[in-house]
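# Structural overview
Take a look at the letters that make up each chain.
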Amino acid sequence: MQPNPPKTPRAILDAQGVTKSFGAVQALRGASLRVGAGEIVALMGANGAGKSTLVKILTGALRHDAGTITIKDRPVRFASPAAARRAGLVPVYQEPALIPDLDVGQNLRLGATPVAPFRHWVDALGVTGLRMDDAIGHLPLATLRILDLARALAMEPDVLMLDEMTAALPTDLVDNVLRVMRGQADAGRAVIYISHRFPEIARICDRATVLRDGVTVGDLPIVPGVEEEVVELMLGQRMTPAVAATGRSAAKGTARLSVAGLSLGSKLAEVSFDLHAGEVLGVVALEGQGQDELFEVLAGFRRAGSGRISVDGTPVAFRHPADAIAAGLTFVPGNRADALAMGRSVRENIALPGFAAPRRWGPIAMQAEATRIGAAIDRLQIDTRAQGEVRRLSGGNQQKVTIGRWIAHGVQTLLLFDPTRGIDVRTKRQIYELCRDLAAQGAAVLYYTSELAEVPQACDRAIVIFGGRVVAEMPAAEATEAALLRAAYGLAVAT
Amino acid sequence: MTTGTVQAPFARIGRLLRDYPIIALLVLLVALIVLLQILNPGIINQRWIGNTIKFAIPLAMLAACQTFTMYTGGIDLSAAAVATITAFVMATQVPHLGDAAGIALALVPAVLIGLLNGFGVGICRVHPLIMTLGSGLIGIGCLQVYQRSTIATGSAIPPVLEWLGTGRTFWLPNGLWLFVPFAALMLFIQRRTGFGRLLYAVGANEGAARLSGLRTWQLYFALYTLSALIAGLTGLLYAGIIRTTSLSLVEPLLLPSVAAAVIGGTSIFGGRGSYAGTIVGALILTVLGTLLTLLQMPEGGRQIIFGGIILAVTAIYMRLTETG
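Residues numbered from 1 in each chain as written. Chains lettered and ligands numbered in written order. Predicted model: local features only at pLDDT ≥ 70, side-chain atom pairs only at ≥ 80, totals over all residues. Heavy atoms only, no water.

### Considerations on the overall build of chain B
Our working definition: Runs of E in the DSSP output that reach at least two residues are strands. Runs of H or I that reach at least four are helices, and both are numbered from the N terminus. Each radius of gyration is computed over the set of C-alpha atoms, and the globule rule expresses the reference value as 2.2 Å times the number of residues to the power 0.38. Any two residues having at least one pair of non-hydrogen atoms within 4.5 Å are treated as being in contact.
The number of helices and strands found in chain B is 14 helices and two strands. For 324 residues, the compact-globule formula gives about 20 Å, and the C-alpha radius of gyration of chain B, at 21 Å, lands near that figure. In chain B, the proportion of contacts linking residues at least 24 apart, taken out of those at least 6 apart, comes to 77%.

Listed below in structure tokens is the structure:
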């Protein structure tokens with residue numbers, strides 16, 4: 001698809017045609033990544049493109065099915081993360097790999113990290129006043145990420161791989177990290193830089209390798225204006241499907257759910273939006289931009305630092321999911337395993353919310369329950385051949401059970417977190433239609449999705465969250481994948 | 001099922017056992033009784049059956065505490081202590097207060113220990129194993145203090161409890177007058193009430209129950225208080241059977257009560273099981289006890305066989321629930 005990549009210096013890491021399947025799902029169908037001495041290469045791809053699978057293979061956490069990986073021209077096949085480290089490939093992950101109960105010095109000894117170079121890099125990265133007997137658990141996240149990076153640098157790796165390294169860092173530290181990375185490359189080492197942030201990529205990366213659907217679809221030199229091309233590559237040739245939403249604007253007036261200035265630590269900053277009855281509001285964000293925290297706050301699982309949530313104009317404060325449910329906010333989490341009693345029946349799972357309050361602990365009207373649950377099963381077209389145990393249902397049918405649970409008890413405001421993740425196309429359609437039906441009957445739906453193409457099909461309107469802030473809002477008709485992706489990457493959007 | 005028709009019947013039996021473990025348990029029970037009859041012809045008569053049921057009843061009742069707490073992934077190791085305390089307090093208070101008031105007062109410490117367990121498990125999030133172990137020890141300690149202050153006043157078992165514990169209607173023990181309604185109530189609670197559904201749901205996935213709006217601490221309070229009340233009731237009946245009390249009256253039933261629930265197919269990991277299985281489990285353990293006595297097995301040998309059977313049954317259940 002793309003012309004051959006520009007000739008680079010001697011490759012330090014060269015992965016070609018890597019494939020990997022998980023059961024019937026082929027996560028990688030031919031991924032390639034080549035990093036030469038003195039290069040910083042950005043690895044890019046939309047959610048589900050296979051980035052994390054490739055990273056896990058390169059760092060020894062998974063083994064590939066086919067393809068070749070060479071480091072300095074020697075073919076390798078890592079049996080463990082430790083083997084990858086010995087071969088000279090050192091990753092720094094989003095979650096610092098430091099043991100909270102030990103102090104800095106003890107953590108270094110665990111990994112046999114030489115102390116003098118570690119100190120050198122800590123200073124070079126601009127963290128001052130660190131003592132070797134500081135307990136890891138008492139240090140701020142930003143410092144920990146720097147320590148993790150300094151530890152990796154102290155091992156003098158041939159290939160350094162940074163996963164969203166700058167995500168939790170203040171700007172001065174970001175500058176230091178970028179400067180040190182450039183220095184590494186200038187010293188003839190190789191760096192793989194995984195990031196959702198275009199401005200940083202433009203500053204330090206030499207090339208961008210783009211994955212889509214498990215295949216490397218492009219390898220571009222970073223030049224001004226390349227962002228557009230990268231976005232197109234990430235999206236591929238997929239045409240925007242017909243807009244199912246008619247662009248109806250929901251009845252205005254008092255919002256069913258109104259969020260104003262919601263903040264939570266470093267995760268959410270001044271998030272504000274209104275969700276009206278009769279509306280499906282899409283939420284779009286790349287991984288880890290605060291959407292998880294937003295839904296957890298709205299569902300009553302955690303409390304916000306500051307800000308206001310109102311339901312039908314009345315301010316509410318949730319201390320427990322039960323409070324959110326009482327206010328009509330019902331939550332379908334992203335991970336179905338979190339929501340289902342897997343060993344119990346479809347009927348018991350759907351009926352569950354009806355018994356939560358102690359006054360409902362008494363005898364069950366079995367006949368009435370059967371009728372009500374039968375209706376929900378019919379409406380959602382749940383395949384009940386394996387209804388004795390939810391674990392035996394397909395993913396799509398399991399998802400229908402988690403949604404059907406709230407349908408059976410009356411939906412006012414439905415919070416759906418990535419409801420179509422990993423389910424088949426037909427069920428996805430049914431879920432879009434269900435959202436539209438619910439909205440038509442007066443419910444309000446907040447719909448986070450990691451699949452941008454869903455937004456025009458399921459939603460009336462969409463907001464985009466980046467770095468804990470709402471950075472864009474657009475009607476479904478304008479919510480093309482390209483527009484959403486640009487906003488989700490923090491690129492300027494005309495709103 | 002790609003391996004063809006040879007495997008199919010075995011797989012079908014496996015699935016049958018998994019879905020209806022009670023069938024396998026009844027087969028095991030009958031097999032033990034047949035074995036007993038072969039080893040000692042003529043032993044199986046009305047009197048033997050009546051005695052077996054009489055001693056299986058308190059075990060099955062105490063095992064209800066384990067079964068219900070196990071539905072949520074818990075256990076109640078304070079059950080025997082609570083039963084002992086209730087029996088002891090009842091027997092020492094009845095001479096002062098009369099039968100009804102003595103029995104009612106005796107249930108007060110049971111409820112208190114139940115609430116303490118509910119507090120520890122539901123609010124402080126202590127593991128039930130540790131919580132109930134600790135509360136049971138505290139309870140027995142308090143009972144020893146109580147005993148010193150009341151030793152001189154004597155004790156009595158109310159006639160109604162003696163009638164329940166030792167009397168017979170035709171050849172069946174009177175304990176059934178208590179146990180049949182009790183078992184029916186337990187089965188109703190587990191299958192036909194919101195409370196029962198929540199027990200299984202919490203055991204299968206506590207997060208899912210929370211997500212559905214359950215404040216889990218409320219459930220744990222209710223569950224452990226119910227368990228303590230059942231234990232107290234068991235203590236009263238057992239005092240009627242033994243016709244005396246002591247500071248370790250019901251203690252020998254504690255581990256068998258756990259075993260009865262496990263043999264009966266209740267998962268210690270929560271979310272699976274039935275009290276019907278526990279009842280058969282209690283009968284199996286009682287018959288097994290007779291069998292081992294009859295074989296004149298020394299105490300050590302009995303314990304080895306007991307432990308071996310519990311491990312074997314648990315291993316079989318694990319296999320059945322993992323596959324398919």
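The discussion continues.
### Quick look at helix α7 (residues 159-166) of chain B
Residues and elements named next belong to chain B. Let me state the cut-off plainly: For every residue, the accessible area obtained with a 1.4 Å probe (protein chains only) is divided by the maximum for its type, and the residue is called buried under 20%, exposed over 50%, and partly exposed between those limits. Starting at the helix axis, one direction is taken to each C-beta atom, and the arc is that of these directions.
All buried positions along α7 are accounted for by Leu161, Leu164 and Gly165. Seen from one end, α7 has its buried residues packed into an arc of 95°, which puts them on one side. Packed against the buried residues of α7 are α3 (46-71), α4 (79-97), α5 (99-123), α8 (175-192) and α11 (216-242).

### Topic: the interface of chain B and chain A
Worth spelling out the cut-off: The term buried area means the drop in 1.4 Å probe accessible area that two parts suffer when joined, counted for both and summed. Here, a salt bridge means any side-chain nitrogen of Lys or Arg that lies within 4 Å of a carboxyl oxygen of Asp or Glu. Between N or O atoms, a polar contact is any pair within 3.5 Å; within protein, one atom must be a potential hydrogen donor and the other a potential acceptor, and residues adjacent in sequence are included only when both atoms are from side chains.
At the junction of the two partners, chain B supplies 29 residues and chain A supplies 33 residues. Taking both sides of the interface into account, the surface hidden between chain B and chain A amounts to around 2500 Å²; carbon and sulfur atoms contribute 60%. Contact with chain A buries surface across chain B, with Arg197(B), Leu211(B) and Ser212(B) losing the most and accounting together for 30% of the total. For the salt bridge of Glu389(A) with Arg272(B), the shortest nitrogen-to-oxygen distance reads 3.1 Å. For the pair chain B and chain A, the interface holds twelve residue pairs in polar contact (both at pLDDT 80 or more).

### What to know about the packing of helix α4 (residues 115-124) of chain A against helix α5 (residues 141-154) of chain A
Residue and element names in this part refer to chain A. Going by this rule: Here, axes are lines fitted to C-alpha atoms. For helices the fit covers the stretch in contact, and angles between N-to-C directions go from 0 to 180 degrees. By definition in this entry, angles of less than 35 degrees are roughly parallel, angles greater than 145 are roughly antiparallel, angles of 65 to 115 are roughly perpendicular, and the rest are oblique. Crossings are sorted by hand: turned counterclockwise from the far helix by less than a right angle, the near helix makes the crossing left-handed, and turned clockwise it makes it right-handed. Here the term charged refers only to Asp, Glu, Lys and Arg, the term nonpolar to Ala, Val, Leu, Ile, Met, Phe, Trp, Tyr, Cys and Pro, and the term polar to all other amino acids, Gly among them.
Direction vectors running N to C along α4 and α5 enclose 130°, while the axes themselves pass 8 Å from each other. Overall, the two elements α4 and α5 adopt an arrangement that is oblique. Handedness of the crossing formed by α4 with α5: right-handed. In contact with Pro117, Phe118, Trp121 and Val122 of α4, α5 contributes Leu147, Ala150, Arg151, Leu153 and Ala154. Across the contact of α4 with α5, the residue classes tally to eight nonpolar, no polar and one charged.

### Brief notes about a nonpolar patch on the surface
Residue and element names in this part refer to chain B. Put simply, the rule is: Surface patches are drawn from residues lacking salt bridges whose relative accessible area is over 30%; two like charges belong together within 9 Å, two nonpolar side chains (Val, Leu, Ile, Met, Phe, Trp, Tyr) within 5 Å. Under the convention used here, a 1.4 Å probe and the Shrake-Rupley method define accessible areas, while residue burial counts only the protein chains that appear.
Taken together, the side chains of Leu97, Leu105, Val108, Leu112 and Leu115 present a nonpolar region at the surface, about 410 Å² in accessible area. Structurally, the position occupied by Val108 is in helix α5. By relative accessible area, which is 43% here, Val108 ends up partly exposed.

### Quick word on the sheet that holds strand β16 (residues 329-332) of chain A
All names here are of chain A. Let me state the cut-off plainly: Strand pairing requires that DSSP identify at least two bridges connecting the strands.
Spatial strand order, β16-β17-β18-β13-β19-β20: six strands in an open sheet with mixed pairing. Two strands bound the open sheet, and with one partner strand each, they are β16 and β20 (469-475). Mean inter-strand twist for the sheet, computed between neighbouring axes without regard to direction, equals 20°. Looking at chain direction, strand β19 (residues 461-466) and β20 are connected through six bridges and run antiparallel. Directly across from Ile465, in β20, lies its bridge partner Val470. Contacting β13 (280-284), β17 (413-417) and β18 (444-449), helix α15 (residues 425-440) runs over the sheet at an angle of about 155° to β18.

### A closer look at helix α1 (residues 51-58) of chain A
Residue and element names in this part refer to chain A. Taking burial as the measure, the eight residues of α1 include six buried ones, the bulk of the element. Within α1, burial applies to Lys51, Thr53, Leu54, Val55, Ile57 and Leu58. Just downstream of α1 lies Gly60, where phi reads positive at about 85°.

### Looking at the nonpolar core
Quick note on the threshold: In these notes, a set of buried Ala, Val, Leu, Ile, Met, Phe, Trp, Tyr and Cys residues joined through side-chain atoms within 4.5 Å is what counts as a nonpolar core. Per the annotation, domain bounds derive from an automatic or database assignment of domains.
One finds Leu147(A), Leu149(A), Met181(A), Tyr447(A) and Tyr275(B) to be the most contacted residues of the largest nonpolar core, which totals 197 residues. When residues in this core are grouped by element, the largest group, 13 residues, is from α3(B). Looking at this core, you find at least three residues from each of domain 1 (11-235) and domain 2 (257-355 + 363-488) of chain A. Setting aside anything within four residues of it in sequence, one finds Tyr275(B) in contact with Ala60(B), Met61(B), Ala64(B), Thr67(B), Phe68(B), Tyr71(B), Phe179(B), Phe182(B), Ala183(B), Met186(B), Leu187(B) and Gln190(B). Judged by nonpolar contacts, the second largest core, of 32 residues, contains Leu264(A), Val283(A), Val311(A) and Ala339(A).

### Re the pattern of salt bridges
In this structure the tally under the stated criterion is 22 salt bridges over all chains. Glu206(B) is the salt-bridge partner of Arg125(B), the closest N and O atoms lying 2.8 Å from each other. Remark: Glu206(B) occurs in helix α10 (residues 206-211) and Arg125(B) occurs in the loop between α5 and α6 (128-150); sequence separation between them is 81 residues. Judged by its relative accessible area of 22%, Glu206(B) is partly exposed. Here the salt bridges do not stand alone but share partners, grouping Glu389(A), Arg391(A), Arg392(A) and Arg272(B) into one network.

### Comments concerning the confidence of the model for chain B
Residues and elements named next belong to chain B. Note the cut-off: You can read pLDDT as the predictor saying how much it trusts each residue, on a scale of 0 to 100.
Put simply, chain B has an average pLDDT of 89, and 93% of its residues get 70 or more. Across chain B, α11 holds the top mean pLDDT of 97, while helix α1 (residues 7-19) sits lowest at 65. Across residues 1-7 the pLDDT falls below 50, and counting only partners more than four positions away or on other chains, this stretch makes three contacts in the model.

### Remarks on the confidence of the model for chain A
Residues and elements named next belong to chain A. The predicted model of chain A averages 86 in pLDDT, with 93% of residues at 70 or higher. Taken as a whole, residues 1-6 scores under 50 in pLDDT and shows 13 contacts with residues more than four places along the chain or in a different chain. In the predicted structure, residues 238-247 sits below a pLDDT of 50 and forms 14 contacts with residues beyond four places in sequence or in another chain.

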